[in-house]
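These are the residues of each chain, in order.
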Amino acid sequence: MDPVIILQAGVASGTVLLFATIGEIFAERSGVLNLGVEGMMLIGAMTAISIALVSGNPWLGVLLAMLASGLISQIHAVIAIDFRADQVLSGLALNFAAIGLALVFGESLSKAGALPLLPRFSIPLLSGIPLLGPIFFSNQSVLVYVGFLLTPAAGYYIYRTRPGMHLRAIGEFPAAADALGINVSLLRHFYVFVGGALAGLAGATISLAVSPGWFSEMTTSGQGWIAIGLVIFAQWDPLRAAFGAYVFGALRRMILDIQGPTLLLGLANPFFYNPYWGFFLQMVPYAFTILFLVIGSREAMRKRVGAPAALGQPYVRGERGL
Amino acid sequence: MSAASRPGRRWSFPIAIRVEPRMEQPRGFGTAVSLGAVLVALLLGAVVLEIVGGNSLRAYSYMLKASFGSLGVISDTLVKATPLILVGLACTVAFRMRLWNIGAEGQFFMGAFGASAVVLAPLVPPETPAWLTILAMMVAGFAAGALWGFIPGILKARLNVNEIITTLMLNYIAIAWVNFFIFAVWTEGGFQMTRVFPKTAWLPRLADFARQVPQLRGITLHLGLLFGVVAAVIIWWVLDRSKWGYEIRLTGDNPRAARYAGIRIALNTVLVMMLSGGLAGLAGMSEISGVVHRLQGAISPGYGFTGIIIAWLAKLNPLAVVPVSILFGGLILAGREIQPSGVPKMIQGIVLVCLIASDFLVRNRVLVVRRTPEA
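Quick summary incoming for the structure in this document. (Residues numbered from 1 in each chain as written. Chains lettered and ligands numbered in written order. Predicted model: local features only at pLDDT ≥ 70, side-chain atom pairs only at ≥ 80, totals over all residues. Heavy atoms only, no water.)

## Quick word on unusual backbone geometry
(1) Moving on: Along the chain, Ala121(B) connects to Pro122(B) via a cis peptide bond; the corresponding omega equals -20°.
(2) Moving on: Mapped onto the elements, Pro122(B) comes out in the loop between helix H4 (104–120) and helix H5 (130–159).
(3) Moving on: The residue Ser216(A) is not glycine, and still its phi comes out positive at about 40°.
(4) Moving on: By the element assignment, Ser216(A) lies in the loop between helix H9 (184–210) and helix H10 (223–233). (Helix = DSSP H or I, 4+ residues; strand = E, 2+ residues; numbered from the N terminus.)

This is the structure:
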């Protein structure tokens, strides 16, 4: 049980949460809460495997996974934005429908043969940095490096660019944005699509890079919901999201790896394939999510920062709203 | 004058769709729209089945026969409907107050665990008479489910922690907790199940009376159905007739008004979550005591999640939960043998999407109007 290897694997599995969390940040920043992340991830994972198997090209799989999840996110977008239904319910509905569709279309995938996977490689100079190099830059999937680029790019986009300003405006004060000639409804549709596409990328990251294969609902095993929890912990900020995602990734890996060695810190390992401890270890990520939320909620209450003001509110032109 | 020759005015499509809020509804309109939504959902499901290479018409007729085709399968459908009624009521109670309890699945597992503890821990001595054992199991199942509702309830009330995510996370924790007991503590020879409960812990079934009434042979319907129906009537009375129910509904519809009216929202949040969790826990108790007769891993094909859809299809009306649950019981029963195995889940999901979308038609009139040149 080498801590460097665990952290390295943790960064890889944290990348899944990273994509899903940043996607949800885009959607929520625009004012739309989308609870369908888990389902969209499953659609992404299923599409990525199917396309990669059929075409032999994993890149095409990733691309179409993003497209498929983006398109399915529009079910929620239409119902929540145009039909002004309750966003909580609409997101749940999307989640159930997407999971069901992924299960039906993915039925035969668990018996599929060898998958063409995405390439893994080391970044030349950076992998030589002591400690950080092996953890972040050695023998990682190409999608892990995409995650490193996405985080600052998303932060820059949200805080420093003009479209990013519009994004925040429609989530904070849609009526004012509308008065400035910004098409609130269209942009919200777009950012829900972005969120869906990134959830699809997260799903493809699982099925083509981190833990390849199709295990029906166990493919995502609640990571979509953890991502939604992380958005609150991250207070809608991509950099904090990356921190949370990698911590969670490392935690998930540690739970797998801690049961392996006979010795832990020179002592007999109490977790060694022990069924008593194994199930309690399985609870840890979910218990941690609750703990994160408790901490996040206290901080958010104290600092009065956090959710976009119009999050969850449908915008109706002409009605006095936020 | 043609539109093109007018400066500053673009040509526009001659027909427009106008949406205006519906002021009054014809009687039964909401129900009709819901039924229409379910039909559209079944149609969409059929399209998907055809795409994956299935024969949708045969699949649907098979499902209908497998769930309502004979007295025996109708009994099985009612057995499946029993936990659904209870989880449907659990969701109804919480949703009326706009508390999004998505944790009925975990509360169901905890209820099954609590009821098992009565027999296996054991909390009551083995020679306890059947009626007392079953009563103790009901109380323990309800209490364990209520505890699983109390945690998100108190976090919401005290710290305003989002109950959707906490209830969901608690689902996974509950399942791991039950797995711990069936694999490690109460395991039967290393298998993923406990030993079979003694007969005193079984809910009476109609088949038990086959010696007196031979027609009842093989009819697995158990007393749990009565729990469900009685609970539906009680919950209906609580929500629609009692003062507490009025507080719950007012808080759900208009929290600000409720606060001005002096309603203790935090207290009610905790109590409603506990009642909701307890009902789901009772569903778990009824399932292991009436059907499975032991604690094991695969006791729920997602009952807790189906409860959400049932509550919504029943329009949060506790009495309507009963017939809707019977329909979904049939769907789950038929789904056991149908391929691909995800079909019932998919149909449930599409039904919920269509239902929520169709609500738009109930709230609004959609008119197709001709655009006049002046408009």
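What follows continues from the structure just given.
## Brief notes about the pattern of salt bridges
Residues and elements named next belong to chain B.
(1) Moving on: A complete count under the given rule lists 7 salt bridges over all chains for this structure.
(2) Moving on: With a shortest N-O distance of 3.3 Å, Asp240 and Arg96 are connected by a salt bridge. Taken together, the residues Asp240 in helix H7 (residues 224–241) and Arg96 in helix H3 (residues 71–96) connect sequence positions 144 residues apart.
(3) Moving on: For Asp359, the salt bridge is made with Arg363, and the minimal N-O distance between the two is 3.5 Å. (Salt bridge = Lys/Arg side-chain N within 4 Å of Asp/Glu carboxyl O.)

## Re the packing of helix H1 (residues 3–29) of chain A against helix H11 (residues 238–257) of chain A
When two helices pack together, their arrangement is given by the angle between the helix axes and the distance between those axes.
Residues and elements named next belong to chain A.
(1) Moving on: Their axes nearest at 6 Å, the elements H1 and H11 cross at an angle of 140°. Taken together, H1 and H11 sit at an angle that is classed as oblique. Once H1 is placed against H11, the crossing between them reads as right-handed.
(2) Moving on: Considering only residue class, the contact of H1 with H11 consists of 16 nonpolar, 6 polar and 2 charged. (Axes fitted to C-alpha atoms, helices over the stretch in contact; angles between N-to-C directions. Parallel < 35°, antiparallel > 145°, perpendicular 65-115°, else oblique. Left-handed = near helix turned anticlockwise from the far one by under 90°. Nonpolar A, V, L, I, M, F, W, Y, C, P; charged D, E, K, R; others polar.)

## Focus: the nonpolar core
(1) Moving on: If you look at the biggest cluster of nonpolar residues, it comprises 203 residues, and the most contacted ones within it are Phe26(A), Trp214(A), Phe95(B), Leu279(B) and Phe328(B).
(2) Moving on: Discounting residues that sit within four places of it in the chain, Trp214(A) has contacts with Leu42(A), Ala45(A), Met46(A), Ile49(A), Ala102(A), Leu103(A), Gly106(A), Leu109(A), Ser110(A) and Thr219(A). (Core = buried A, V, L, I, M, F, W, Y, C linked by side-chain atoms within 4.5 Å. Buried < 20%, exposed > 50% of the residue type's maximum accessible area, 1.4 Å probe, protein only. Contact = heavy atoms within 4.5 Å.)

## Concerning empty space enclosed by the protein
Residue and element names in this part refer to chain A.
(1) Moving on: Applying the stated criterion across every chain yields a total of 1 cavity of 30 Å³ or more.
(2) Moving on: Size it by volume and the largest cavity reaches roughly 30 Å³.
(3) Moving on: In terms of lining residues, the largest cavity is bounded by Ala20, Gly23, Glu24, Ala27, Asn34, Val37, Met40, Gly195, Gly196 and Ala199.
(4) Moving on: Breaking the lining of the largest cavity down by element, the ones donating at least two residues are H1, helix H2 (37–55) and H9.
(5) Moving on: Per-element accounting of the lining of the largest cavity gives the leading share, 4 residues, to H1.
(6) Moving on: Taken together, the residues that form the lining of the largest cavity break down as 5 nonpolar, 4 polar and 1 charged. (1 Å grid on protein atoms, 1.4 Å probe; cavity = no way out; pocket = protein on both sides within 12 Å on 5 of 7 lines; lining within 4 Å. Points joined across faces, edges and corners; volume = space filled by probe spheres on them.)

## Concerning the interface of chain A and chain B
(1) Moving on: Taken together, the 47 residues of chain A in the interface contact 44 residues of chain B.
(2) Moving on: Together chain A and chain B conceal approximately 4,000 Å² of surface at their shared face, both sides included; 84% is due to carbon and sulfur atoms.
(3) Moving on: Taken as a group, Leu89(A), Phe96(A) and Val104(A) account for 16% of the area that chain A buries against chain B, more than any other trio of residues on that side.
(4) Moving on: At the junction of chain A and chain B, the tally comes to 2 salt bridges.
(5) Moving on: The closest approach of N and O atoms between Glu217(A) and Lys345(B), which form a salt bridge, is 3.3 Å. (Buried area = accessible area lost by both parts, 1.4 Å probe.)

## Re a nonpolar patch on the surface
All names here are of chain B.
(1) Moving on: Taken together, the side chains of Phe13, Ile15, Ile17, Val19, Leu361, Val366 and Val368 present a nonpolar region at the surface, about 650 Å² in accessible area.
(2) Moving on: Of all elements in the fold, only strand E1 (15–21) and strand E2 (364–370) reach the threshold of two or more residues within the nonpolar patch.
(3) Moving on: Of the residues forming the nonpolar patch, the biggest block, 3 residues, is contributed by E1.
(4) Moving on: If you trace the backbone, Val366 turns up in strand E2.
(5) Moving on: Taking relative accessible area as the criterion, Val366 reaches 38% and is therefore assigned partly exposed. (Patch = residues over 30% accessible without salt bridge, like charges linked within 9 Å, V, L, I, M, F, W, Y side chains within 5 Å. Areas by Shrake-Rupley, 256 points an atom, 1.4 Å probe, with all protein chains shown as cover.)

## Some points on H7(B)
All names here are of chain B.
(1) Moving on: End to end, H7 covers 25 Å across 18 residues, agreeing with the expected 26 Å (1.5 Å per residue, within 8%).
(2) Moving on: Taken together, the buried positions of H7 are Gly224, Leu225, Phe227, Gly228, Ala231, Ala232, Ile235, Val238 and Leu239. Here the buried residues of H7 occupy an arc of 145° about the axis, which is enough to place them on one side.
(3) Moving on: Contact partners of the buried residues in H7: H3, H5, helix H8 (243–253), helix H10 (265–292) and helix H12 (318–335). (Expected span 1.5 Å × (residues − 1). Arc of directions from axis to C-beta.)

## A look at the packing of aromatic side chains
Centre-to-centre distance and the angle between the planes together describe a pair of aromatic rings.
(1) Moving on: The tally for this structure, following the rule as stated, stands at 31 aromatic pairs over all chains.
(2) Moving on: A centroid spacing of 4.3 Å and a plane angle of 10° characterise the contact between Phe83(A) and Phe360(B), whose relative ring orientation is stacked. In this pair, Phe83(A) is assigned in the loop between helix H3 (58–82) and helix H4 (87–105) and Phe360(B) in helix H13 (residues 343–363), connecting two distinct chains.
(3) Moving on: An angle of 70° between the planes, with centres 6.2 Å apart, marks the rings of Phe148(A) and Tyr246(A) as edge-to-face. With Phe148(A) in helix H6 (residues 142–160) and Tyr246(A) in helix H11, the pair connects residues that are 98 residues apart, well separated along the chain. Tyr246(A) shares its class with Phe148(A); the two are buried.
(4) Moving on: Put simply, the rings of Phe121(A), Phe136(A), Phe137(A), Tyr145(A), Phe148(A) and Tyr246(A) pair up and form one aromatic cluster.
(5) Moving on: Above the ring of Phe233(A), the side-chain terminus of Arg240(A) is found at 5.4 Å from the ring centroid. (Phe/Tyr/Trp six-rings, centres within 6.5 Å; stacked < 30°, edge-to-face > 60°. Lys NZ or Arg CZ within 6 Å of the ring centre and 35° of its normal.)

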